[in-house]
Amino acid sequence: VVIRAQNGSLLYRISPWARYVVRDEDKVNYDWVHWNPPQSYIHKNPSPKRLKSLRIYESHVGIASPEGKVASYKNFTYNVLPRIKDLGYNCVQLMAIMEHAYYASFGYQVTSFFAASSRYGTPDDLKEMIDVAHSMGITVLLDVVHSHASKNSEDGLNQFDGTDSCFFHSGYRGNHQLWDSRLFDYANWEVLRFLLSNLRMWIEDYRFDGFRFDGVTSMLYHHHGIGTGFSGDYNEYFGLHVDEDALCYLMLANHMINSLHPECITIAEDVSGMPALCRPVAEGGGGFDYRLAMAIPDKWIQIIKELKDEDWNMGNIVHTLTNRRYEEKYIAYAESHDQALVGDKTLAFRLMDAEMYTNMSVLMPLTPVIDRGIQLHKMIRLITHALGGESYLNFMGNEFGHPEWLDFPRIGNNESYHYARRQFNLTEDDLLRYKFLNAFDRDMNKLEERFGWLASPQAYVSEKHESNKVIAFERAGLIFIFNFHPYQSYVDYRVVAFKYKILLDSDAGEYGGHQRLDHNTEYFSEEYAHNYRPNSIMV
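These numbers come from a predicted model, not from an experiment. (Residues numbered from 1 in each chain as written. Predicted model: local features only at pLDDT ≥ 70, side-chain atom pairs only at ≥ 80, totals over all residues. Heavy atoms only, no water.)

**Description of the packing of aromatic side chains**
Working step 1: For the structure shown, the criterion picks out 37 aromatic pairs.
Working step 2: Here the aromatic rings of phenylalanine 106 and phenylalanine 408 are separated by 4.9 Å at their centres, their planes lie at 65 degrees, and the arrangement is edge-to-face. Remark: phenylalanine 408 occurs in the loop between β16 (391-395) and α11 (434-451) and phenylalanine 106 occurs in the loop between β7 (98-99) and β8 (112-116); sequence separation between them is 302 residues. With respect to class, phenylalanine 106 is no different from phenylalanine 408; both count as buried.
Working step 3: Seen in terms of ring centroids, phenylalanine 440 and tyrosine 511 are 5.2 Å apart; in terms of plane orientation they differ by 80 degrees. Their pairing is edge-to-face. (Phe/Tyr/Trp six-rings, centres within 6.5 Å; stacked < 30°, edge-to-face > 60°. Helix = DSSP H or I, 4+ residues; strand = E, 2+ residues; numbered from the N terminus. Buried < 20%, exposed > 50% of the residue type's maximum accessible area, 1.4 Å probe, protein only.)

Rendered as structure tokens:
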């Protein structure tokens, strides 16, 4: 597209609505390609019905291979989707699909909003991938970035007409000082049309089943959450510091999606805790279905980094996992892509660190560090899954304690792909202990599928015992009992329950545990009042 600017100069641009853009190896910028195959892809499978329990597998197509390269949509379709299905996840959340010129931005510096990234394949390859996911009963969500845009001008939206205010606010308000990116003018009629039609295109052309809106906190406030803490005081959420244009856009987007495609799901990535964000627009809410429980991973990191095992506070753990706004649905997660990125550490790496390189073989003695790491990795995931929300999320590879970190090729690492991959092969090696974590994650999801605790009311916590380091709670007719004590086991421990039988045991042999419990035992309650309940059992 050639545009004559107000000063008479000619500007060479890519259409903001371009559906397919590619970059030749010897070029810096992307070129717009007219994608019009003789036979476009025809979807064969209907979208799955709206799920009651969401078990989300957060994924990035480009790193979804053990090989050091940019993996493809085809690879994801035939190698990764069956794995996700086997692990018991019923939803995949795709990152970095909207075209982004800089691969190392993790897809968050979008240049072409209507184009599916060509580095993984063609638009039809993505359509096939979503269609195959639907055939497996897997819901597919897009990580949509409408909070900001790349500063690229020749292959992005920036300075499209030669001014700095075409799609964006001009001056200071149009720039994000931390992300070095442009901020949309949500009061502009054409910007609203552009963004709303973008959402419809992803749903109607590609058959995405909903969105995870990125950077909602940045959108909601003029301060973008920079240098601001949120304590829960209502003054933090209502006032002149709220960007009403952006909030109205989010309400409008959710209203449109809900009106045209009521089966679609929307998720807000908001760290602030804005009240009513996940209540219907008709109630004056934001209209989202779910919000991410972003305090939970931070709490686990803080505990592991700062506290000795005997100093873990059971009440504080329970409070963090249950502290959510009434009647708003939360997505609980122990860690996401944020913790896997270079500069941070995954839970597995924090727990086991350098020993993961030498002592994960079953041929090696089980060291105290590896033993503790494997057991806590399972327990943290299960208590987060069962107590933390109405949905659960895991970032690809973290389910089996993927070693090391995630780092995309860039100048700082000599353009290396060594850390921009996921070593799924580690779980297939019978001589490595990663298989134990993988099996536990799978059986944990399958158990939720069977009993549906995510779709059940919030748990009743019957015990959070500080000196015993025991947490016990009831949800969906199940009793969950956790012993976080570093060295103390218990015999004849009384908990609130009726008749019960073991369904999932992190100490079982197939999960790398010590097999200390007899799974054939059936436990019967007695009329012995305990923790304000009439019946209890000894375990």
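**Describing the nonpolar core**
Working step 1: Counting residues in each nonpolar core, the largest one holds 132 residues, and the members touching the most others are Phe76, Trp202, Phe213, Tyr249 and Trp300.
Working step 2: Ignoring sequence-local partners within four residues, the contact set of phenylalanine 76 consists of Ser59, Val61, Ala64, Leu81, Ile84, Val92, Leu94, Met129 and Met396.
Working step 3: Counting 12 residues, the second largest nonpolar core, distinct from the first, contains Leu141, Leu292, Ile331 and Tyr333. (Core = buried A, V, L, I, M, F, W, Y, C linked by side-chain atoms within 4.5 Å. Contact = heavy atoms within 4.5 Å.)

**Some details on the pairing of β16**
Working step 1: Extensive coverage of β16 is indicated by the burial of 5 of its 5 residues.
Working step 2: Taking every second residue as pointing to the same face, both faces of β16 are buried, with Ser391, Leu393 and Phe395 on one and Tyr392 and Asn394 on the other.
Working step 3: In this structure, strand β5 (residues 54-60) lies alongside β16, joined through 5 bridges in parallel fashion. Bridge pairing in β16 places tyrosine 57 opposite asparagine 394. (Pairing = 2+ DSSP bridges.)

**Quick word on the layout of surface pockets**
Working step 1: Taken as a whole, the second largest pocket spans an internal volume of roughly 790 Å³.
Working step 2: Broken down by secondary-structure element, the contributors of at least two residues to the lining of the second largest pocket are α4 (216-220), α6 (295-306) and α8 (337-340).
Working step 3: Grouping the constituent residues of the lining of the second largest pocket by class yields 16 nonpolar, 11 polar and 7 charged. (1 Å grid on protein atoms, 1.4 Å probe; cavity = no way out; pocket = protein on both sides within 12 Å on 5 of 7 lines; lining within 4 Å. Points joined across faces, edges and corners; volume = space filled by probe spheres on them. Nonpolar A, V, L, I, M, F, W, Y, C, P; charged D, E, K, R; others polar.)

**Observations concerning helix α3 (residues 189-204)**
Working step 1: Here α3 contains 16 residues, and its C-alpha end-to-end distance of 22 Å stays within 8% of the 22 Å for a straight helix at 1.5 Å per residue.
Working step 2: Within α3, the full set of buried residues consists of Val191, Leu192, Phe194, Leu195, Leu196, Asn198, Leu199, Met201, Trp202 and Ile203.
Working step 3: Here the buried face of α3 lies against β7, β8, α2 (123-135), β9 (139-144), β12 (210-213) and α5 (244-260).
Working step 4: Near the N-terminus of α3, the side chain that reaches the backbone nitrogen of glutamate 190, with its oxygen 2.8 Å away, is that of asparagine 188. (Expected span 1.5 Å × (residues − 1). Polar contact = N/O pair within 3.5 Å; in protein donor to acceptor, adjacent residues only side chain to side chain.)

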